[in-house]
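# Structural overview for review
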Amino acid sequence: MSDFSGEKIINSLRRLVNLLSTLLGLVLILGVSLIYLELYYDPQHFEVFAKNQDEESVTDLAESTAEIDLIKDGIHIPTGLIDDVNLDLVVSNCTACHSAKLITQNRSSREGWQSMIRWMQESQKLWDLGENEEAILDYLAKNYAPDQKGRRVPLTNIEWYELEP
Amino acid sequence: MKDSRRDFLKRAGTLGMGLTMGAEIVFAENLPADFPLLGLGQPDDPFKIIQKDQGLSILNDRPWNVETPPHLLDDKITPADKLFIRNNGLVPQDIKIDDWTLTIEGESAVTPKTFTLQQLKSSFKHYTYQLTIECGGNGRSEFNPPAKGNQWTTGAVGCPSWTGVRLRDVLDSVGIKNDAVYLGYYGKDTHLSGDPEKVVISRGVPLKKALDDQSLIAWAMNGEDIPLMNGYPLRLVFGGWPASTSGKWLSRIVIRNQVHDGPKMTGQSYRVPCEPVAPGTKVADEDMCIIESMPVKSLITYPKSGAVIKQRQSLDIRGHAWAGDQAVTAMQYSIDFGNTWHTCTLDPPVNPLAWQHWSARLSFPGKGYYEVWARATDSNGNKQPMIIPGWNPRGYLNNACHRIAVKVT
């Protein structure tokens, strides 16, 4: 008697689950089709939607990106680095821990820059740069190569001033 | 919308400045010096953050590395706002002076002990010495091929007056085992990677240097708290040795039965080739030797380079000279690129390991461009070279003569 009732309840539940699954499936198909149609017929809809939601933050992002990307006289103003191909990789990988001034005040050959990267990886927790390493080395070796300066350079940048006796 | 946001940023920026400047006196010691108030924009004046004279040159701002032009080192005792900064990591924040402790331990310590600052001050006799500290890499910018690191010119040196207790007295109270040979320090600065477990720098000196009369555990500089950027509230001071041995934000000292092997003691750091090498040579770690006493050196601190004087006008020049563990025994100048050298007046040091003052009055034979070169000689007879001395991979120990430009019209 009790076994019979249990079986009946389980059967009813099964039918209910089946019904719900079918309904859910239909809703899903309808939804996906709707999104597809929306995108297909009105490709700007999605953008408009985003704009309504995040108009302010999009504006903010654009403006702060402009500040972050400011280039003047070939120099990337926020870091002082020379503007060239792969600047973005250098900024993102090399200035997370230390100031860009550590780059701009140094000069080295490609091998020298690579050995600095290895030293930072071995002792200063720099991550594996992967395929970006070659691009970063291209940038550094080109823009921060050594000058030939001999055993003693002439005095430069002298600011002349009258010295009263 | 854009305008209002700009206005907001402007206001926030002003607020940030106000906070920085307003907090300068009240919270100066707690100011998170390496973190310029995120979200409020960069304060316009980094010199307010580091509390240094505007005339200093910022080589690096993360970590802070700042040097002093020679004409700003003219004071006989280097003032706090003109002492260079050579930091390897980030300055500790939220320093609570009452909770600060110094622990002396290590395999060659008999009875490891921990002292509060107050205990340190009340348990041992106080000493004050004027001690020269100079970064091992001072002058690095002139090496060719270039050496990596902060490109110091001449300004990573200073000679303030330090007050503290003798390291020897503190070590004696702990007890030094017979096998002790070296001493290492640990400080409270944070590694650039942000990893709180990673030690920024832990160097030291041989026991013999540690036991010198002038080797101090110092809490005061020029009679005031040591500046935060220079090691507040406690640091080691070993005059005449690479300043990296004089650990800042000092919290622990280890007495070692071997040469200390903390970060920047090993590999190529603060080491030079044991045997001279040709410029650009790769040198294996095992062929690099630890720098100890710094070489003889001098600066012309007056006048500032670029002086234009009238014909027949005499010129007074002056400066300082120092020589690691040695004393400076002679000081000379040349106005003809070393053809002839003339003697300067040289004062004795106020105490061992303090820089010495020198001066001269000179005249020029006629109109034209001149360079005044200065050259010191130490008690072992070593003279400063006019050209850049022996090349080494990391660009240490450049003690070449300092020179200034003078025009006679």
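Residues numbered from 1 in each chain as written. Chains lettered and ligands numbered in written order. Predicted model: local features only at pLDDT ≥ 70, side-chain atom pairs only at ≥ 80, totals over all residues. Heavy atoms only, no water.

With that settled, consider the confidence of the model for chain B. Residues and elements named next belong to chain B. Of the residues in chain B, 89% reach a pLDDT of 70 or more, and the chain-wide mean stands at 91. Scored below 50 in pLDDT, residues 1–41 makes 44 contacts in the model with residues more than four places away or belonging to other chains. In the model output, the complex is listed with pTM 0.79 alongside ipTM 0.82. (pLDDT = per-residue confidence, 0-100. Contact = heavy atoms within 4.5 Å.)

Our focus in this paragraph is the packing of helix α5 (residues 110–123) of chain A against helix α6 (residues 132–143) of chain A. All names here are of chain A. Relative orientation of the contacting elements α5 and α6 amounts to 130 degrees, with a least axis distance of 9 Å. In terms of orientation, α5 lies oblique with respect to α6. Taken as a pair, α5 and α6 cross one another with a handedness that is right-handed. The residues of α6 that touch α5, namely those facing R110, W113, Q114, I117, R118 and Q121, are E133, E134, L137, D138, L140 and A141. Class assignment for the residues of the contact of α5 with α6 results in 5 nonpolar, 2 polar and 5 charged. (Axes fitted to C-alpha atoms, helices over the stretch in contact; angles between N-to-C directions. Helix = DSSP H or I, 4+ residues; strand = E, 2+ residues; numbered from the N terminus. Parallel < 35°, antiparallel > 145°, perpendicular 65-115°, else oblique. Left-handed = near helix turned anticlockwise from the far one by under 90°. Nonpolar A, V, L, I, M, F, W, Y, C, P; charged D, E, K, R; others polar.)

We now examine empty space enclosed by the protein. Taken as a whole and judged by the stated rule, the model has 5 cavities of 30 Å³ or more. Looking at the largest cavity, its volume works out to about 670 Å³. Along its surface, the largest cavity is lined by 34 residues, and A:H98, A:L102, A:W119, A:M120 and B:K148 are the ones closest to its centre. Elements with a minimum of two residues in the lining of the largest cavity: α3 (87–94), α4 (101–104), α5 and α6 of chain A. Of the residues belonging to the lining of the largest cavity, the class tally is 18 nonpolar, 11 polar and 5 charged. Considering only enclosed or pocket space, the second largest cavity measures out at about 210 Å³ in volume. Forming the walls of the second largest cavity are 20 residues, and the residues nearest its centre are B:R86, B:A243, B:S244, B:S246 and B:K248. Secondary-structure elements contributing two or more residues to the lining of the second largest cavity are β3 (85–86) and β10 (182–187) of chain B. (1 Å grid on protein atoms, 1.4 Å probe; cavity = no way out; pocket = protein on both sides within 12 Å on 5 of 7 lines; lining within 4 Å. Points joined across faces, edges and corners; volume = space filled by probe spheres on them.)

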